[in-house]
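The lines below spell out each chain.
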Amino acid sequence: MKRILMGIGTAAGAFALAACGTSTAAQAPAAPAAVGPASVAPAAGGSGGGVAAASTATPRCTTADLEVLLGKPAEKNDAPGQYDIPLTYRNTTDHTCGLYGVPGVDLVGPDDATFGPVYHLPRVDNGVKYNEVTAGTTASATITVVKPAAGEPTWTPSKLNTIPPGSTSALTAQWPADLPVLRQDAATHPGSYVNGILADPA
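Everything in this summary refers to the structure shown in the same document. Position labels on residues start from 1 in each chain and follow its written sequence. Only residues with pLDDT of at least 70 are given local features in this predicted model, and only at 80 or more are side-chain atom pairs given and counted; all residues enter the totals for whole chains, interfaces and linings. Only hydrogens and water are set aside; all other atoms, that is, all heavy atoms of the structure, feed into the side-chain values.

A few points about the overall build of the protein chain
Where we set the bar: Elements are defined by DSSP. Helices are runs of H or I of four residues or more, strands are runs of E of two residues or more, and each kind is numbered from the N terminus. A 1.4 Å probe rolled over the protein chains alone gives each residue an accessible area, and that area as a share of the maximum for its type sets the label: buried under 20%, exposed over 50%, partly exposed in between. Working rule for contacts: check all heavy atoms of both residues, and any pair within 4.5 Å makes them a contact. Accessibility throughout is a Shrake-Rupley quantity obtained with a 1.4 Å probe, and a residue counts as covered only by protein chains that appear here.
Looking only at helices and strands, the protein chain features zero helices and 15 strands. Counting every position in the protein chain, which comprises 202 residues, the buried fraction comes to 47%. In the protein chain, the share of contacts with a sequence separation of at least 24, taken over all contacts with a separation of at least 6, comes to 82%. If you sum the accessible surface of the protein chain, you get close to 9,100 Å²; carbon and sulfur atoms cover 56% of it.

Put into structure tokens, the structure is as follows:
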């Protein structure tokens, strides 16, 4: 059984996956009319997790303990052009592990002339404070992205690299081929970001 304690944290920032390269800095593009968090900031480091570790003897889930599944994109009812995509981690071991905090997410695609081939999504710490995932069960975060409007530059990732909270190595999933993403790498309040881990229903 999962033990959870809800808690809202402050925005954590996005990280850089060493294997994916870096993007070049540029002036922020005009932000679209999309719903986003009040504040997101670029993250540093690959530890994942925007909350302090809970006091527990249960070890945190590592990359080796998990597989990642990317769900079907769903357009927000209150923000046309903005999509939520479930990012689900399954515990593939025979033991319980802790999975909480904010995962790191990099979208990898064509080499954009301004920002490069990697889009490091900002992280928003709005998930559970602590969560245990028993063997064979899952926990999920949500990726929110903005789809380009007519006339805006189109950039479609080929894959997603994600570092689970508390880990340093990445898991990979294929990105939906029919979902381009508006690059907002230097935006102050981007409409694309990754949310914190939530406990899935038991």
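Still more ground to cover, so stick around.
Section: the pairing of strand β6 (residues 104-112)
Walk down a regular strand and you will see the side chains alternate between the two sheet faces. The cut-off we apply is this: Note: two strands are recorded as paired if DSSP finds a minimum of 2 bridges between them.
When β6 meets strand β12 (residues 159-163), the two strands line up antiparallel, connected through five bridges. Residue G104 lies in a different strand from β12, and its bridge partner there is I163. The pairing of β6 with strand β7 (residues 116-120) spans four bridges and is classified as antiparallel. When the bridges of β7 are listed, D106 appears paired with H120. Taken together, β6 and the strand that follows it, β7, pair antiparallel across an intervening segment of three residues.

Description of the state of the cysteines
As a reminder of what qualifies: When two cysteine sulfur atoms are found within 2.5 Å, that pair is recorded as a disulfide.
Scanning all chains against the criterion turns up one disulfide. Covalent S-S linkage joins C61 and C97, the inter-sulfur distance amounting to 2.0 Å. Its S-S torsion of about 90 degrees marks the bond between C61 and C97 as right-handed, since a negative value means left-handed. Of this pair, C61 sits in the loop between β1 (5-6) and β2 (66-70) while C97 is found in strand β5 (residues 97-98), placing the two residues 36 residues apart along the sequence.

Quick word on the environment of D125
If you trace the backbone, D125 turns up in the loop between β8 (123-124) and β9 (128-130). Judged by its relative accessible area of 2%, D125 falls in the buried class. Taking the C-alpha atoms as reference, D125 lies 6.3 Å from N195; in sequence the two are 70 residues apart.

Notes on the environment of P190
Residue placement: P190 occurs in the loop between β13 (171-174) and β14 (193-195). Residue classification places P190 among the buried positions, given a relative accessible area of 2%. Between the C-alpha atoms of P190 and L121, which are 69 residues apart in sequence, the distance is 9.1 Å.

Re the pattern of salt bridges
Heads up, the rule is: Just to be clear on terms, a salt bridge is a Lys or Arg side-chain nitrogen sitting within 4 Å of an Asp or Glu carboxyl oxygen.
For the coordinates displayed, the defined rule picks out three salt bridges. For E67, the salt bridge goes to R90, with nearest N and O atoms at 3.3 Å. One end of the pair, E67, is in strand β2; the other, R90, is in strand β4 (residues 79-91), with 23 residues separating them in the sequence. Assessed through its relative accessible area of 30%, R90 is described here as partly exposed. Measuring nitrogen to oxygen at the nearest pair gives 2.9 Å for the salt bridge that ties R183 to D185.

Section: the packing of aromatic side chains
Going by this rule: Ring geometry is summarised as follows: Phe, Tyr and Trp rings, the Trp one being its six-membered ring, pair when their centres sit within 6.5 Å, and such pairs are stacked at plane angles under 30 degrees, edge-to-face over 60 and tilted between the two. A ring is considered to have a charge above it if a Lys NZ or an Arg CZ atom is located within 6 Å of its centre and within 35 degrees of its normal.
By the definition in use, this model includes two aromatic pairs. Look at Y119 and W155: their rings are 6.5 Å apart centre to centre, the planes differ by 70 degrees, and that puts the pair in the edge-to-face class. Of this pair, Y119 sits in strand β7 while W155 sits in the loop between β11 (138-146) and β12, and the two are 36 residues apart along the sequence. Like Y119, the residue W155 is buried in the burial classification. The positively charged end of R60 is found above the aromatic ring belonging to Y100, 4.1 Å away from the centroid.

A short note on the sheet that holds β6
The cut-off we apply is this: Here an axis means a line fitted to C-alpha atoms, over the contact stretch when the element is a helix, while the angle between two N-to-C directions is reported on a 0 to 180 degree scale.
Taken in spatial order, the four strands of this open sheet run β7-β6-β12-β13, and their pairing is antiparallel. Each edge of the sheet is formed by a strand with only one pairing partner; in this case those strands are β7 and β13. Between one strand axis and the next, the sheet turns through 25 degrees on average, direction left out of account.

Some points on the environment of T96
With respect to the helices and strands, T96 occurs in the loop between β4 and β5. Taking the C-alpha atoms as reference points, T96 and E132, separated by 36 residues in sequence, lie 6.6 Å from one another. Not counting residues up to four positions away in its chain, the partners in contact with T96 are T58, N91, E132, V133, T134 and A135.

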